[in-house]
Amino acid sequence: MASHRVGVAVFVLVATAILAAESEPNQVESEKLQDVSGEAVFSDAEGGFKTGDGASKTVPGQAEAPPHPVETGQADSAGRRVSIEVGSDRVEQPVADEELENLQAEFDLQDAPQQSEPVPTPRDHFAEELVIRPLLSGDIYTSFQFRTRWDTDLHRGKKVSHYRLFPKSLGQVISKFSVRELHISFTQGFWRTAQWGQPLLSAPPGAELWVWFQDSVADVDGAWRELTSVLSGIFCASLNFIDSTNTVQPSASFKPMGLGNVTEQRFLRYAVLPREIVCTENLTPWKKLLPCESQAGLAVLLKSEKLFHSSYHSQAVHIRPVCKDSACRETSWELSQTLGIVFDLNASGQSKREWSLFKMFSRTLTEPCPLASSSKVYVDVTDNPLGEELFDLSPAVSLQTQAVVLGDRRTFTVYDLLTPESYGPTRSLNILLKWRQQDSVDMQRPVLHTERYVSGYGLQTGEINTLLYNSHPFRAFPVLLMETVPWYLRLYIHTLTVQSKGKENKPSYIHYLPSKDRQRPHLLEMLVQLPPHSVTKVTVQFERALLKWTEYTPDPNHGFYVSSSVVSAMVPSVVAMDTNSTEGRPLFTTLFHSTEESSYFMRVYSEPLLVNLPTPDFSMPYNVICLTCTVVAVGYGSLYNLLTRTFQVEEPSGGLTKRLANVIRRLRGVPAL
């Protein structure tokens, strides 16, 4: 009871001191000066607090304020005891956790104005961009870029427990499986390079996954199996079907896109599921990785019913280590989420070549993501020079910028979402693009593109044909071609031929890893020099294998998919490439960092193949079962009936005539027959 009274008295004295400080501004000023000079210190770094030293000073030139009790307190977080000095008296008493927190809060309020500690700079940053490029065919290409950078080390011994902008699910995956780089994409449709040009970032149809592991991983295959299962759950995809039969280790086609101190190919795994169907269930977890999800910023445009009503849709996630600054003394983790969409003019049902954000996404932009340090919309107006306008763009803005994209200098109109002027008086940004000409214009063919098809007849043998196009008028350059063929297509590697302009073109490098039935696929990589303005044809023959009846898919007559071939090359650039740091440049120009001024890196994919295999008539077992059951039912049933039936002799009963005669005889009184 006595300790309770002492506690009440202490709190009354504290409240009196606070009221006295509020009523005497001169005394408050003297206490502030006392704190600044370093004589009064407040610290709660170890769970305690203390204020003042029991002395009181006044400002020179001011009247001395009446003395008032000065309290000093100290809390022990381990023993939950508080020691308070009032004047010359010192009292120690145990307190409850709730009372201790309240007491600390009171001292925090008293000393809050005296603190002058700088606000720590956040270690993670988020930026978002939307690139709109009108295609000369009348279609429109939109590319979303979301980038999150985090200045931390996810591979250190101590686990990272606090996540702000970087998604925790991916951070834990990187830390647990010792991932150096991770690249995953989900694509629906095929990019028509000859009609649309080159995309900002290519991806094959279906699902693609390639990962670089740290050199500290002992069992790479085991980590790969577990990683695919975890990613299958994160992205709600069929990545758990990735196994040894569709996984390869490329020797030269895939290099680290970030700071790659690991170049041994045994730490690289690559797999493609060409039949993977991309749907809303894949888009939803992809959007949840964004800091603002789909509630604010550019992500509000990601409406699933509009995105999947398009000719091409590709979403990807790229994680890699990058330099923190230009000196590259420290590294950061970069998460890039990209989404590319092509809206078709005919599929949209529009009679006029007119596009807007509302027509494409059924929504407009009203605000940026509050967590974004940069939020911009770029509209490519390179093909719309002054004096020869092909389309009108509204609202019109004067801010334009130039950037080198895929070896060409492009001009963009920029809408900065962080400035209120971009939204206009309606607080809504709806970019409208209206073509002046209703007919499509032929576009220039890209420098490098590829095609692929299967030839032959019958279901025993066939031939895979790959065409490599070099449209440059006078420059020749090498390309690296990678073919991944399933084990049930048995390649005849001695039939491999490479021809350019009707002549044999001998590859300077060939790496071939034969398949093993039901264990691994074929892997073929070759370095081929493409002459200027030429078409190079690569052919190889194969034989179809006969599968077990349990290895066929539920729809075997649909065919079996073969993943796209991968073509990697350093393509000659029209303008000089910028090899300096990528800081301050648009996000869509930093996907592939250029190391040479005269060329830029490009990776393109061909069409996936659909091959028919010898397929048995799966309806015959059903017919055999039905016929067998019928024979058994008729034959065995008749025999069983004959063996188990009981025969009885019955006297024949009178006919109808006899019964009528007996009725007549009964009426006449004569005895019945």
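With an unreviewed UniProt entry as reference, the protein is termed GPI transamidase component PIG-T-like, source organism Acipenser oxyrinchus oxyrinchus.

Before going further, it helps to spend a moment on the overall build of the protein. Of regular secondary structure, the protein possesses 11 helices and 29 strands. The burial tally for the protein puts 44% of its 673 residues in the buried class. For the protein, contacts bridging at least 24 residues in sequence account for 73% of all contacts bridging at least 6. By element, 53% of the accessible surface of the protein is carried by carbon and sulfur atoms, the whole surface being about 35,600 Å².

Counting residues in each nonpolar core, the largest one holds 88 residues, and the members touching the most others are Phe144 and Phe213. Formed by 17 residues, the second largest nonpolar core is a distinct cluster that contains Leu481, Met526, Val538 and Val604.

On to the sheet that holds strand S25 (residues 534–544), then. Ordered by their spatial adjacency, five strands build an open sheet running S18-S19-S25-S21-S22, and the pairing between neighbours is antiparallel. Both edges of this open sheet fall to strand S18 (448–455) and strand S22 (503–504), since each of them pairs with a single strand only.

Glancing now at the state of the cysteines. Enumeration according to the criterion identifies one disulfide in this entry. Each sulfur of the disulfide joining Cys292 and Cys369 lies 1.9 Å from the other. With the S-S dihedral at roughly 70°, the linkage between Cys292 and Cys369 falls on the right-handed side. You can see Cys292 sitting in the loop between helix H7 (280–288) and helix H8 (304–307) and its partner Cys369 sitting in the loop between helix H9 (357–361) and strand S13 (374–380), a full 77 residues away along the chain. Residue classification places Cys292 among the buried residues on the basis of a relative accessible area of 14%. Here Cys236 is not disulfide-linked; the sulfur of Cys279 is the nearest cysteine sulfur, at 9.3 Å. Residue classification places Cys236 among the partly exposed residues on the basis of a relative accessible area of 38%. For the unlinked cysteine Cys626, the closest cysteine sulfur is that of Cys629, found at 6.8 Å.

Right, let's talk about the pairing of strand S21 (residues 489–500) for a bit. Every other side chain in a regular strand lies on the same face of the sheet, so the side chains alternate between the two faces. Both S21 and S25 contribute to a ladder of eight bridges, which runs antiparallel. Across the sheet, the residue bridging to Leu491 is Phe542, located in S25. By the bridge criterion, two bridges tie S21 to S22 in an arrangement that is antiparallel. When the sheet's bridge partners are listed, Gln499 is paired in S22 with Glu504. Counted between consecutive antiparallel strands, the loop separating S21 from S22 contains two residues, among which Lys501 sits at a positive phi close to 55°.

Omega for the bond connecting Ser394 with Pro395 falls within 30 degrees of zero, at 0°, which places this linkage in the cis form. Take Pro395: it is sitting in the loop between strand S14 (391–394) and strand S15 (400–405). Although it is not a glycine, Glu293 sits at a positive phi angle of roughly 50°. Turning to its location among the elements, Glu293 is positioned in the loop between H7 and H8. According to the relative accessible area criterion, Glu293 is partly exposed, its value standing at 35%.

Let's shift gears to helix H6 (residues 220–235). Think of an α-helix as 3.6 residues a turn; residues three or four steps apart then line up on the same face. Taking 1.5 Å per residue as the helical rise, H6 with its 16 residues ought to reach 22 Å, and the 22 Å between its terminal C-alpha atoms agrees with that figure. Buried within H6 we find Val220, Gly222, Ala223, Trp224, Leu227, Thr228, Leu231, Ser232 and Phe235. The positive-phi residue at the C-terminal boundary of H6 is Cys236, with phi of around 55°.

The subject of this paragraph is the packing of helix H4 (residues 168–177) against H6. The interhelical angle for the contact between H4 and H6, taken along N-to-C directions, is 175°, at an axis separation of 11 Å. Between H4 and H6, the angle falls in the class roughly antiparallel. Mapping the contact onto sequence places Ser169, Leu170, Val173 and Phe177 in H4 and Ala223, Glu226, Leu227, Val230, Ile234 and Phe235 in H6.

To continue, consider the sheet that holds strand S24 (residues 522–530). The five strands are arranged S23-S24-S20-S27-S28 in an open sheet whose pairing can be described as antiparallel. Strands with a single pairing partner mark the edges of an open sheet, and in this sheet they are strand S23 (509–513) and strand S28 (599–605). Taken over all neighbouring pairs, the strand axes of this sheet differ in orientation by 15° on average, direction set aside. Direction of pairing for S23 relative to S24: antiparallel, over a ladder of five bridges. The residue bridging Leu513 from the neighbouring strand is Leu523, located in S24.

We now examine the confidence of the model for the protein. Looking at the protein as a whole, its pLDDT mean stands at 79, while 75% of the residues score no less than 70. Contacts from residues 95–103, a stretch scored under 50 in pLDDT, to residues over four places away or in other chains number 11 contacts. Across residues 105–116 the pLDDT falls below 50, and counting only partners more than four positions away or on other chains, this stretch makes 15 contacts in the model.

Evaluated as defined, the whole model comprises 14 salt bridges. When the shortest N-O distance is used, the salt bridge between Glu264 and Arg266 registers 2.8 Å. Glu483 is the partner of Arg452 in a salt bridge, and the nearest nitrogen-oxygen pair spans 2.4 Å. In this pair, Arg452 sits in strand S18 while Glu483 sits in strand S20 (residues 477–485), placing the two residues 31 residues apart along the sequence. Overlapping salt bridges bring together Arg149, Arg320 and Glu334 as one network.

For the rest of this paragraph, the subject is the environment of Thr628. For Thr628, the location among the structural elements is in helix H10 (residues 620–644). On the basis of relative accessibility, which here comes to 43%, the residue Thr628 falls in the partly exposed class. Engagement of the side chain of Thr628 in a polar contact is seen with the backbone oxygen of Val624, the distance being 2.7 Å.

A cluster of nonpolar side chains, namely Val632, Tyr636 and Tyr640, defines an oily patch on the protein surface of about 350 Å² accessible area. With respect to the helices and strands, the residue Val632 is situated in helix H10.

On inspection of all chains with the given rule, the structure shows 20 aromatic pairs. Judged by centre distance (4.9 Å) and plane angle (50°), the rings of Trp210 and Phe254 are tilted. With Trp210 in strand S7 (residues 206–213) and Phe254 in the loop between strand S8 (247–248) and strand S9 (268–273), the pair connects residues that are 44 residues apart, well separated along the chain. Of the two residues examined, Trp210 and Phe254, each falls in the buried class. An aromatic cluster is defined as three or more aromatic residues linked by ring pairs; in this entry it consists of Phe126, Phe144, Phe146, Trp286, Phe343, Trp355 and Phe361. Lys176 extends its terminal NZ or CZ atom over the ring of Phe177, reaching a point 5.7 Å from the ring centre.

How each quantity is defined
- Within any chain, residue numbers begin from 1 and follow the written order of that chain's sequence.
- It should be noted that, the model being predicted, local features are given only for residues of pLDDT at least 70 and side-chain atom pairs only at 80 or more, the latter also being counted only at that level, while totals for whole chains, interfaces and linings use all residues.
- The side-chain numbers reported here are obtained from all heavy atoms of the structure, hydrogens and water having been left aside.
- Each helix is a run of H or I in the DSSP string that is no shorter than four residues. Each strand is a run of E no shorter than two, and both are numbered from the N terminus.
- The buried label applies to any residue whose accessible area, calculated with a 1.4 Å probe on protein chains only, is under 20% of its type's maximum; exposed applies above 50%, and partly exposed to all values in between.
- When checking whether two residues touch, look at their non-hydrogen atoms; a contact exists if any pair is within 4.5 Å.
- For the accessible areas, the method is Shrake-Rupley and the probe is 1.4 Å, while residue cover comes only from the protein chains on display.
- The term nonpolar core refers to a set of buried residues drawn from Ala, Val, Leu, Ile, Met, Phe, Trp, Tyr and Cys, joined through side-chain atoms within 4.5 Å.
- DSSP calls a pair of strands paired once it identifies at least 2 bridges connecting them.
- Here, the term disulfide refers to a pair of cysteine sulfur atoms separated by no more than 2.5 Å.
- Each helix should span, by expectation, one fewer than its residue count multiplied by 1.5 Å.
- To get an axis, a line is fitted to the C-alpha atoms, and for a helix only the part in contact is used. The angle between two axes follows their N-to-C directions and goes from 0 to 180 degrees.
- Between 65 and 115 degrees an angle is taken as roughly perpendicular, under 35 as roughly parallel, over 145 as roughly antiparallel, and anywhere else as oblique.
- The quantity called pLDDT is the predictor's confidence in a given residue, expressed from 0 to 100.
- Salt bridges are counted wherever a side-chain nitrogen of Lys or Arg sits within 4 Å of a carboxyl oxygen of Asp or Glu.
- Side-chain atoms alone can form a polar contact between residues adjacent in sequence; in general such a contact is a pair of N or O atoms within 3.5 Å, and within protein one must be able to donate a hydrogen while the other accepts it.
- What goes into a patch is any residue over 30% in relative accessible area without a salt bridge, connected to like charges within 9 Å or, for nonpolar side chains (Val, Leu, Ile, Met, Phe, Trp, Tyr), within 5 Å.
- Here a pair means two rings of Phe, Tyr or Trp (six-membered ring of Trp) with centres within 6.5 Å. Their orientation is stacked below 30 degrees between planes, edge-to-face above 60, and tilted elsewhere.
- By the criterion adopted, a ring carries a charge over it if an Arg CZ or a Lys NZ lies within 6 Å of its centre and within 35 degrees of its normal.

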